Amino acid sequence: MVFLSAPLWLRNRITDRYWRVQEVLKHARHFRGRKNRCYRLAVRAVTRAFGRGTRARRRRGPLWINRITAASQEHGLKYPAFILNLIKCQVELNRKVLADLAIYEPKTFKSLAALSKRRREEGFVAALGDGKEPEGIFSRVAQHH
Amino acid sequence: LGPTCRQRQRLSFSLSRDAPSSRGAREFVEREVTDFARRNPGVVIYVNPRPCCVPRVVAEYLNGAVREESLNCKSVEEIATLVQKLADQSGLDVIRIRKPFHTDSPSIQGQWHPFTNKPTALGGLRPREVQNPAPTQDAAELLGEGAGPRWHSIVALPQEHVAVAIHPAQPAGQRHQPIGHWPETVCSCTAEPPARLARPS
């Protein structure tokens, strides 16, 4: 750096402080109290809000899994068995949708649990029966492409 | 003005006759506003020439939102793009959309509550009361019978809520056994689900 004395240093001044401040305050406009007006408080609040949002996104997955576990336990199934047999039946529902169904459409979730249970039993029969039984109805897989 | 169309918004230009800052606005009004009005029949355009320092355009939308933009010292092309943008907008706020979906009735079958999947009893059971003590013997018998050919009769585990009804084991001569039945809502069999065993606490 070439600034060897204070007068030379002061030649560099910030001219866009207003916009730098607004960049932070625009994310704090819906906050409560002085956090939505004062920059010093808003910086802390916005940093915490962003961190909380990032961490919540990471914890969403396990939350869904816990909810699906609880709902399938109500119907007598464990989570791995439920998901595995649903995949085997080519029901490609993700955990978010399954969790929402478990909360808002309990009868649909019950029928999904029954489907999974039936497929599980057909799987047991196919594995233990050594080919003497005909193939189960729900074990039929639709071949695409 | 051609086929009937619904009004979607109102654009009001206020510009000055003489000031140099509204030169672009004046040229826009002379040259391009008629074509613009013809291209967008759903937009009503008002032009108010009055002595003002700063020419403005006020856009009012059907949902009541009002947006005001300044046309101060803008060129004709800039004003054209700005006016086109205002005409294309709906009146919704230009803020972050938190969720791309919204529903007023999230639940069709009824939201889950702790008693959704619990069986009900006539007369009302208290929490750890067994319904009738007799069927525990039948369940024990069935468990004993089903020990032979496992793949013919799969006995569902007696739990609080049974989705698969129990059927007695059939003789080994018959080949095609029903593996398990569909839940009682679809199945028409009248077999009673086994009573809830007392939970080991």
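Here is a short report on the structure shown in this document. (Residues numbered from 1 in each chain as written. Chains lettered and ligands numbered in written order. Predicted model: local features only at pLDDT ≥ 70, side-chain atom pairs only at ≥ 80, totals over all residues. Heavy atoms only, no water.)

1. Quick notes on the overall build of chain B
Using the following cut-off: The numbering of helices and of strands both runs from the N terminus, where a helix is a DSSP run of H or I of at least 4 residues and a strand a run of E of at least 2. Residue contacts follow a heavy-atom distance rule, with two residues in contact if any of their heavy atoms lie within 4.5 Å. Per-residue accessibility takes into account occlusion by the displayed protein chains alone, with areas from the Shrake-Rupley method and a 1.4 Å probe.
Across its full length, chain B holds 4 helices and 4 strands. Start at the N end of chain B and walk to the C end: the helices and strands fall as β-α-α-β-β-β-α-α. Across chain B, contacts joining residues at least 24 apart in sequence account for 64% of those joining residues at least 6 apart. Of the roughly 14600 Å² of accessible surface on chain B, 55% is carried by carbon and sulfur atoms.

2. Quick look at the packing of aromatic side chains
Residues and elements named next belong to chain A. Let me state the cut-off plainly: Aromatic rings from Phe, Tyr and Trp, with only the six-membered ring used for Trp, were paired whenever their centres fell within 6.5 Å, and each pair was classed as stacked if the ring planes differed by under 30 degrees, edge-to-face if by over 60, and tilted otherwise. Residue exposure (1.4 Å probe, protein chains only): buried if accessible area is under 20% of the type maximum, exposed if over 50%, otherwise partly exposed.
For the coordinates displayed, the defined rule picks out 3 aromatic pairs over all chains. Aromatic pair Tyr-18 and Trp-19: ring centres 5.5 Å apart, planes at 85°, arrangement edge-to-face. Given the relative accessible area of 55%, Trp-19 is considered exposed. Centroid distance Phe-82 to Phe-109: 5.2 Å. Interplanar angle 45°. Geometry classified as tilted. Here the residue Phe-82 occupies a position in helix H4 (residues 79-88), and Phe-109 occupies one in helix H6 (residues 106-128), the gap between them amounting to 27 residues. A relative accessible area of 2% means that Phe-109 is categorised as buried.

3. Description of the sheet that holds strand E4 (residues 66-70) of chain B
Residues and elements named next belong to chain B. The line we're drawing: A strand pair is defined by DSSP finding two or more bridges across the two strands. Axis lines are fitted through C-alpha atoms, for helices just across the contact stretch, and the angle between N-to-C directions can take any value from 0 to 180 degrees.
One open sheet accounts for 4 strands, arranged E2-E1-E3-E4; its pairing is mixed. Bordering the open sheet on either side are strand E2 (43-49) and E4, each of which pairs with just one other strand. Direction aside, the axes of adjacent strands within the sheet are offset by 15° on average. Judged from the 7 bridges that link them, strand E1 (residues 9-15) and E2 form a sheet pairing that is parallel.

4. Overview of the environment of Asp-88 of chain B
All names here are of chain B. As for its position among the elements, Asp-88 is in helix H3 (residues 76-88). By relative accessible area, Asp-88 is classed as exposed at 55%. As for Asp-88 and Arg-8, which are separated by 80 residues in sequence, their C-alpha atoms are 9.7 Å apart.

5. Things to note about H4 of chain A
For an α-helix the count is 3.6 residues per turn, leaving residues at separations of three or four pointing the same way. Residues of H4 of chain A that are buried: Tyr-79, Ala-81, Phe-82, Ile-83, Asn-85 and Leu-86 of chain A. Elements that come into contact with the buried residues of H4 of chain A comprise helix H3 (39-74), helix H5 (95-104) and H6 of chain A.

6. As for the packing of H5 of chain A against H6 of chain A
Residues and elements named next belong to chain A. Put simply, the rule reads: Convention used here: angles under 35 degrees read as roughly parallel, angles over 145 as roughly antiparallel, angles from 65 to 115 as roughly perpendicular, and any remaining angle as oblique. Asp, Glu, Lys and Arg are counted as charged, while Ala, Val, Leu, Ile, Met, Phe, Trp, Tyr, Cys and Pro are counted as nonpolar; the rest, among them Gly, fall into the polar class.
Remark: H5 packs on H6, axes separated minimally by 5 Å, with the N-to-C direction vectors making an angle of 120°. Regarding the angle of H5 to H6, the classification is oblique. Contact residues: H5 offers Leu-98, Leu-101, Ala-102, Ile-103 and Tyr-104, while H6 offers Pro-106, Thr-108, Phe-109 and Leu-112. Counted by class, the contact of H5 with H6 contains 8 nonpolar, 1 polar and no charged residues.

7. Here's the deal with the pattern of salt bridges
All names here are of chain A. Formally: In what follows, salt bridge is the name for a side-chain nitrogen of Lys or Arg lying within 4 Å of a carboxyl oxygen of Asp or Glu.
Throughout the structure, instances matching the rule amount to 8 salt bridges over all chains. As a salt-bridge pair, Glu-122 and Arg-118 come within 3.0 Å of each other at their nearest N and O atoms. Of this pair, Glu-122 and Arg-118 are both found in helix H6, 4 residues apart, which corresponds to roughly one turn of the helix. Neither residue differs from the other here; Glu-122 and Arg-118 are each classed as buried.

8. Focus on a positive patch on the surface
Counted only if it meets this: Residues with no salt bridge and a relative accessible area higher than 30% make up the patches, which join like charges within 9 Å and nonpolar side chains (Val, Leu, Ile, Met, Phe, Trp, Tyr) within 5 Å. The charge count includes Lys and Arg as positive and Asp and Glu as negative, but it does not include His or the ends of the chains. Charged side chains are reduced to one point each, which is NZ for Lys, CZ for Arg, CG for Asp and CD for Glu.
Together, Arg-48, Arg-52, Arg-55, Arg-58 and Arg-59 of chain A make up a region of like positive charge exposed at the surface. Structurally, Arg-58 of chain A is set in helix H3.

9. What about helix H1 (residues 23-31) of chain B?
Residues and elements named next belong to chain B. Using the following cut-off: The arc in question is formed by the directions pointing from the helix axis toward the C-beta atoms.
Those residues of H1 not exposed but buried are Gly-24, Ala-25 and Phe-28. The arc that holds every buried residue of H1, seen down its axis, measures 100°, which confines them to one face. Those residues of H1 that are exposed and aimed more than 90 degrees away from the buried face are Arg-23 and Glu-30. Among the structural elements, E1, helix H2 (33-39) and H3 are those in contact with the buried residues of H1.

10. Description of the packing of helix H2 (residues 17-25) of chain A against H3 of chain A
All names here are of chain A. Heads up, the condition is: What makes a crossing left-handed is the near helix being turned counterclockwise from the far one by less than a right angle; a clockwise turn instead makes it right-handed.
Running from N to C, H2 and H3 cross one another at 45°; their axes reach a closest spacing of 9 Å. In terms of orientation, H2 lies oblique with respect to H3. Relative to H3, the crossing made by H2 is left-handed. Where H2 abuts H3, its residues Val-21, Val-24 and Leu-25 lie against Tyr-39, Ala-42, Val-43 and Val-46.

11. Focus on the pairing of E4 of chain B
Pairing geometry for strand E3 (residues 56-61) of chain B and E4 of chain B, over 5 bridges, is antiparallel. When the bridges of E4 of chain B are listed, Ala-59 of chain B appears paired with Arg-67 of chain B.

12. Regarding the environment of Ala-45 of chain A
Residues and elements named next belong to chain A. Note that Ala-45 resides in helix H3. When the C-alpha positions of Ala-45 and Ala-28 are compared, they lie 7.6 Å apart, and in sequence the two are 17 residues distant. If sequence neighbours within four positions are ignored, Ala-45 has contacts with Phe-31 and Lys-35.

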